[in-house]
Amino acid sequence: MAGESNGAAGFGSSIRRREDPELITGRAKYTDDLQLAGMVYCTILRSDYAHAGINSIDTSEAEALDGVLGVYTAKDIEASGVPGGVPVGWLLPGLKTPEHYMLAKDTTRYVGDGVAIVVAEDQYTAHDALELIYVDYEPRDGVADPKKATADGAPLVHDDAPNNIAFDWEIGDKESTDAAFANAAHVASLDIVNNRLIPNAMEPRAALADYNNITGELVLYMTTQNPHIHRLLMSLASLGLPEHKIRVIAPEVGGGFGSKIHHYADEAIASWASMQVGRPVKWTATRTETYITDAHGRDHVTHGEMAIDADGRFIGLRVDTYAAMGAYLSTFAPAVPTYLYGTLMSGEYDLPAIYCHVYGVFTHTVPVDAYRGAGRPEATFIVERLVDEAARVTGLDPAEIRRRNFISPDAFPYQTQVALAYDSGNYIGALDKALEAIGYDDFRKEQAAAREQGKYLGLGLSTYIEACGLAPSAVVGSLGAQAGQWESAVVRVHATGKVTVYSGCSGHGQGHETTFAQIVASALGVPYDDIDVVEGDTGSMPHGWGTYGSRSAATGGSAIASAAEKVVDKARTIAAHLLEAAEEDIEFEDGNFFVKGSPDQSQSLPDVALQAYLAHNLPKGIEPALEATSFYDPANFVYPFGTHIAIVEVCSQTGNVTLQRYLAVDDVGNVINPMIVDGQVHGGIAQGIGQSLYETAVYDEGANLLSGTMLDYAVPKAHFMPSFETDRTVTPCPHNPLGVKGVGEAGSIASPAAVVNAVVDALSPFGVTHIDMPVTSEKVWNAMK
Amino acid sequence: MFPSKFDYHRPSSVQEAVQILSDNPDAKVLAGGHSLIPVMKLRLATPSALIDIGRIDALKGISRANGSLRIGACVTYNEIANSGVVQDAAPLLAEAAGQIGDRQVRYRGTIGGNLSHADPASDLPAAALALGATLHVSGPNGSRSVSASEFFVDLMMTSLQADEILTEVEISAASAGTGSAYVKFEHPASGYALCGAAAVVTRGAGGSCTGASLCFNGVSATAVSANGVAASLVGSDLSDGAIESAVSNLSIPDAAGDMFASAGYRQELAKAIGAQALRTARDRA
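It should be emphasised that the depicted structure is a prediction, and the values quoted were computed from it without experimental measurement. (Residues numbered from 1 in each chain as written. Chains lettered and ligands numbered in written order. Predicted model: local features only at pLDDT ≥ 70, side-chain atom pairs only at ≥ 80, totals over all residues. Heavy atoms only, no water.)

Colleague: Got a minute to help me understand the side chain of Ser259 of chain A in this structure?
Modeller: Residues and elements named next belong to chain A. With respect to the helices and strands, Ser259 occurs in the loop between strand E11 (246-249) and helix H7 (265-277). In this structure the side chain of Ser259 is engaged in a polar contact, spanning 2.8 Å, whose partner is the backbone oxygen of Gly256. When neighbours within four sequence positions are excluded, Ser259 is seen to be in contact with Pro199, Ala201, Arg205, Gln225, Tyr264, Asp294 and Ala370. (Helix = DSSP H or I, 4+ residues; strand = E, 2+ residues; numbered from the N terminus. Polar contact = N/O pair within 3.5 Å; in protein donor to acceptor, adjacent residues only side chain to side chain. Contact = heavy atoms within 4.5 Å.)

See the structure below:
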């Protein structure tokens, strides 16, 4: 089925997103748009101090304000008897898991840590009351830099985590890697800071909690990428309500980039507040709050080295990283700089020895967790920067040294030295296609001529691999996940032949309503317009694990494909009965069942569906109705790959970097909707360009966030971007029914290295070998001095 | 983002606005609101009242008479950028106004609000300085005029008294042989000027420079004039070499840095951007 185009809107068609008309015209309903009768508002007082003791909190003036229904602190949550926890969902050996309570009890640990709650009749009063709460703080020293935080004597975030070390993790073989370095003809070595990023989803996080104190049921509308995970953690760790008494609904969700995966205190606080006041309670983050509460991304300090033999072949890679965790362990934080990072260190290369060591470090900052790419951009950046540095120290061309070291197309499946088994790939194919499209040889001539004129052009390659669609569940569990990573689907054919598809994924901008319907259109031969897709409601569908990690097509799409296959199997049995033929003689084509060789006598899928519902004449042993459920647990990760190329010009007068061209050749397997895939690639590249040139969360020495607004934190703008050139190679995933991989994160994984490699290439006449991100004009200008 | 409580006044004349302002010392004047409202939402500003002058017709016109361009305080950036009268009489102002913010900001933000707010990184102050603009203000004791060079006192501080309102900006229309340019190096986050250079040059009959001014936004606490550089160009042929040599001596007093760009780097940017503005102004003269 994969790759077939069944009708104009089936698998492989670039039809427009059916989501867009409502979104563009403002008709779509986001959490904050929802109004319930009797609804009140909740605000949260947050610590202005990176680190402080709380001596006392005086809430009396706030309580006395007209319109205030209640003011609460951690003591009130404790007194209510709920568990009150904000748990971590990925455990590593030796991981320190200090208590994370819904509000700070006696110590605040980052600017933004929740201290008190106001519930009021309207939003203005709720915000006014925050200013009437008086907290007697005892300020203490804070630390924000993950490497400095491990020094003896650094301020401790948690007393029970000496040197602020949350975990000490390694992967690979230290001995054989050290031996490779001892035998190396060349060593490339770099110190790299992977800059901390703030997610900036367009829609701030929000929750509308409606607790019914008669039935004991909580309906929670919230900005989530994974409503079932939130229901589970609300039940087990925060509220203590039975799981079946909680219904989590994701209305339209305006972007997440990972930030809406995690279970934060705030949505639990809104729910708890609704339980206190017996009315629906809404909490909506201000943009300022999103900056100091949404989990940040990246924030690594890394030393990396590549050992190279006399022929320019990589013989060893050694990486040592300090990865910030922030003040508390966010939901999947420990997985990000470990199993999503160390396991990617082989890149696209046949690397015989790898050793990666990571300290996860508590700092007095907003917690750090998965952000578009999650570990894989950090890994790709260090590997691809080292490959360019290896080219420099060996005198080889950056394309040539990659070619020499790629895993060969006939070497798959390929077992890396860092746990992953790559199932398929053709790295040279993507590189060659990209080099040809960019005109590599001509560029090198142009670059040389431009340098003569005092004009500095640079080209950067990033030949990346990513591992996404984490699976199978047993393996993910053995690595510490407190979650499964299979996915669910229900394909329900109604009596009239119309179809509703339920997925356990939870899109927030990806276009699932379109692409999942395309999968079913091709699988069932039903018109695309006759198929609806429903996601994001724990009350409507089987358990699912949500949308993140570029997993939805590979896991959720495959679940839908296998449910659709079950539907076809059942319909075939009924059709055979209706056609009075043996089941094995029945063919299925374009939505019609017919006896082999007699296509004119057929039963369409809607014909069969009607009979299945009437159940007047079904074969023996066949149940009425026509629907199927699938719980699909993939056999392996999927491994998209590709080559990205950036061409930059550096202004010798100001240091300003201008992107002249950006070209991406991605291999994401079979493509369900090329337009949507291009859109995902564009968005990912823009985010990676943001990281490489503009964005950075800046904390001062005392761990105060300096880049706390959009005036200082540079989310890239459209006019900073060149027109992206995208192309593809297609190496289908061999282990899922659609042959699809993932594409949501590819751009943000590949592009930072491409851009920085291009800048370093442009500055090579100045002897520059590395510049940390974001590559601001001042850093470049200083480098040219 | 929810501001504190405030009263709202909407006077229909300047006199009425001045009266309300005199009666409410904590009040702020609201024009386009694109600087004031954001700081109120962050509760960095908590005025007791807003005096909305946006409906006062007397503050809205653009006119040119007797060699003088007059722009009402409530004229928007968009109107300035696209006004044929402004493009002809003060093209520098139109060019700078067209580079402010984005389209939405340009449709709301006003020249009077901009200059009164005196954000040193905004685009209009340097243009007003370089054009030698005269600012007309009204207070309880009547009207007075202030030159742009005396108007900007310090970071977000002007010589406006607490009970005065800026009503009109007056600029002498450009004479023949004059060229100007506004060149901006944009802060990638805010879109404000990391360094913005406003240059005006006039060439005599023989092509040599008879007058020049060069002013900067974004480098220090106020928009500043680089008089020395401009003066050294008078009499020159305005060649690239002459411009390079003039800006090489540029040093802006009290240059300020932030987490994105240091003071020293801004000084260097000012040289590069200033030279670019002068070259473009020359080519247009």
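Colleague: Any chance you could explain the domain arrangement of chain B here in plain terms?
Modeller: The extent of an interface is frequently quoted as the accessible surface area lost upon association of the parts. Residue and element names in this part refer to chain B. Taken domain by domain, chain B holds domain 1 (7-52), domain 2 (57-172) and domain 3 (178-284). Using only C-alpha atoms to locate each centre, domain 2 and domain 3 end up separated by 20 Å. If you look at the interface, domain 2 gives 23 residues, while domain 3 gives 21 residues. Summed over both sides, the interface between domain 2 and domain 3 buries roughly 1600 Å², with carbon and sulfur atoms accounting for 59% of that surface. Applying the counting criterion to the domain 2 and domain 3 interface returns 2 salt bridges. With a shortest N-O distance of 2.9 Å, Glu95 and Arg284 are connected by a salt bridge. Summed over the shared surface of domain 2 and domain 3, the number is 13 residue pairs in polar contact (both at pLDDT 80 or more). Per element, the largest residue contribution to the side of domain 2 that touches domain 3 is 6 residues, and it comes from helix H8 (residues 124-130). Split by residue class, the side of domain 2 that touches domain 3 holds 17 nonpolar, 2 polar and 4 charged. (Domains from an automatic or database assignment. Buried area = accessible area lost by both parts, 1.4 Å probe. Salt bridge = Lys/Arg side-chain N within 4 Å of Asp/Glu carboxyl O. Nonpolar A, V, L, I, M, F, W, Y, C, P; charged D, E, K, R; others polar.)

Colleague: Any chance you could explain the sheet that holds strand E5 (residues 68-72) of chain B here in plain terms?
Modeller: Sheets are built from strands paired through backbone hydrogen bonds, the pairs being either parallel or antiparallel. All names here are of chain B. Taking strand neighbours across the sheet as the criterion, the 5 strands line up as E4-E5-E10-E6-E7 in an open arrangement whose pairing is antiparallel. A strand with exactly one partner marks an edge of an open sheet, and here the two such strands are strand E4 (62-65) and strand E7 (142-147). On average, each strand axis in the sheet is tilted by 25° relative to the strand beside it, whichever way the strands run. Pairing between E5 and strand E10 (residues 165-172): 5 bridges, direction antiparallel. Bridging from a neighbouring strand, Arg70 pairs with Glu170 of E10. Sheet contacts for helix H1 (residues 14-23): strand E6 (134-139) and E10; angle to E10, the most-contacted strand, approximately 130°. (Pairing = 2+ DSSP bridges. Axes fitted to C-alpha atoms, helices over the stretch in contact; angles between N-to-C directions.)

Colleague: Is there a simple way to think about the pairing of E5 of chain B in this case?
Modeller: Side-chain positions along a regular strand alternate between the two faces of the sheet. Judged by how many residues are buried, E5 of chain B sits mostly within the fold: 4 of 5 residues are covered. If you look at the hairpin formed by E4 of chain B and E5 of chain B, you'll find 2 residues sitting between the two strands, and Asn66 of chain B has a positive phi there, around 50°. (Buried < 20%, exposed > 50% of the residue type's maximum accessible area, 1.4 Å probe, protein only.)

Colleague: What is the right way to look at the nonpolar core in this model?
Modeller: For soluble globular proteins, nonpolar side chains are generally found buried alongside one another. Residues and elements named next belong to chain A. With 141 residues, the main nonpolar core has Met345, Tyr662 and Ile689 as its most contacted residues. When we break this core down by domain, the ones giving at least three residues each are domain 2 (34-140 + 215-255 + 260-285) and domain 3 (300-471 + 636-784). Phe11, Tyr528, Tyr632 and Ile672 belong to the second-largest nonpolar core, a separate cluster that totals 45 residues. (Core = buried A, V, L, I, M, F, W, Y, C linked by side-chain atoms within 4.5 Å.)

Colleague: Would you explain a negative patch on the surface in this entry?
Modeller: Residues and elements named next belong to chain A. A contiguous patch of negative charge on the surface is contributed by Glu565, Asp569, Glu583, Glu584, Asp585, Glu587, Glu589 and Asp590. Elements represented by at least two residues in the negative patch include exactly helix H15 (552-578) and strand E22 (586-589). Mapping Glu584 onto the fold places it in the loop between H15 and E22. By relative accessible area, Glu584 is classed as exposed at 61%. (Patch = residues over 30% accessible without salt bridge, like charges linked within 9 Å, V, L, I, M, F, W, Y side chains within 5 Å. Areas by Shrake-Rupley, 256 points an atom, 1.4 Å probe, with all protein chains shown as cover. Lys, Arg positive; Asp, Glu negative; His and termini not counted. Charge placed at Lys NZ, Arg CZ, Asp CG, Glu CD.)

Colleague: Looking at this structure, I do not really get the packing of helix H14 (residues 512-524) of chain A against H15 of chain A. What am I missing?
Modeller: For any two helices packed against each other, one specifies the crossing angle of their axes together with the interaxial distance. Residue and element names in this part refer to chain A. Between H14 and H15, the shortest axis-to-axis distance is 10 Å and the interhelical angle comes to 35°. Seen along the crossing, H14 lies across H15 with a hand that is right-handed. Contacts from His512, Phe516, Ile519, Val520, Ala523 and Leu524 of H14 reach H15 at Ser552, Gly556, Gly557, Ile560, Ala561, Ala564, Val567 and Val568. The residue inventory of the contact of H14 with H15, partitioned by class, reads 10 nonpolar, 4 polar and no charged. (Left-handed = near helix turned anticlockwise from the far one by under 90°.)

Colleague: I tried to follow the domain arrangement of chain A on my own but got confused; where do I start?
Modeller: Residues and elements named next belong to chain A. Annotation of chain A at the domain level lists domain 1 (20-28 + 486-632), domain 2 (34-140 + 215-255 + 260-285) and domain 3 (300-471 + 636-784). Contacts between the two partners involve 24 residues from domain 2 and, on the opposite side, 22 residues from domain 3. Here domain 2 meets domain 3 over a buried area of about 1900 Å², counting both sides, of which 72% is carbon and sulfur. Inspection of the region where domain 2 meets domain 3 yields 0 salt bridges. At the boundary of domain 2 with domain 3, the tally comes to 7 residue pairs in polar contact (both at pLDDT 80 or more).

Colleague: Any chance you could explain the interface of chain A and chain B here in plain terms?
Modeller: At the interface, 28 residues of chain A touch 23 residues of chain B. Each partner contributes to the roughly 2200 Å² buried at the junction of chain A and chain B, and carbon and sulfur atoms together form 62% of this total. Put simply, chain A and chain B have 3 salt bridges between them. Between the two partners, chain A and chain B, sit 7 residue pairs in polar contact (both at pLDDT 80 or more). At the level of elements, helix H4 (123-130), helix H8 (287-293) and helix H19 (777-784) of chain A are the ones that each hand at least two residues to the side of chain A that touches chain B. Here the side of chain A that touches chain B takes 4 residues from H4 of chain A, the largest share from any one element. Taken together, the residues of the side of chain A that touches chain B break down into 11 nonpolar, 11 polar and 6 charged.

Colleague: Hey, could you run me through a nonpolar patch on the surface in this one?
Modeller: On the surface, Met1, Leu42 and Leu44 of chain B cluster together to form a nonpolar patch covering roughly 270 Å² of accessible area. Within the secondary structure, Met1 of chain B is located in the segment before strand E1 (7-9).

Colleague: Even after reading the chapter, I still don't get the sheet that holds strand E23 (residues 592-595) of chain A, so can you show me in this structure?
Modeller: All names here are of chain A. The sheet built from 3 strands is open, its strands ordered E22-E23-E24 with antiparallel pairing. The sheet terminates laterally at E22 and strand E24 (598-604), the two strands that pair on one side only. Strand-to-strand, the axes of this sheet are offset by a mean angle of 35°, without reference to chain direction. Strand direction decides the pairing type here: E22 and E23, joined by 4 bridges, are antiparallel. Note on E23: the bridge partner recorded for Glu587 is Phe594. Its contacts with the sheet put H15 on E22, E23 and E24, and the angle it makes with E22 is roughly 125°.

Colleague: Looking at this model, I keep getting lost on the environment of Gly274 of chain B. Mind explaining?
Modeller: Residue and element names in this part refer to chain B. Note that Gly274 resides in helix H12 (residues 263-284). C-alpha separation for the pair Gly274 and His34, spaced 240 residues apart in sequence, amounts to 28 Å. Here Gly274 is in contact with Ala197, Leu214, Phe216, Val247 and Leu269, once residues within four sequence places are set aside.

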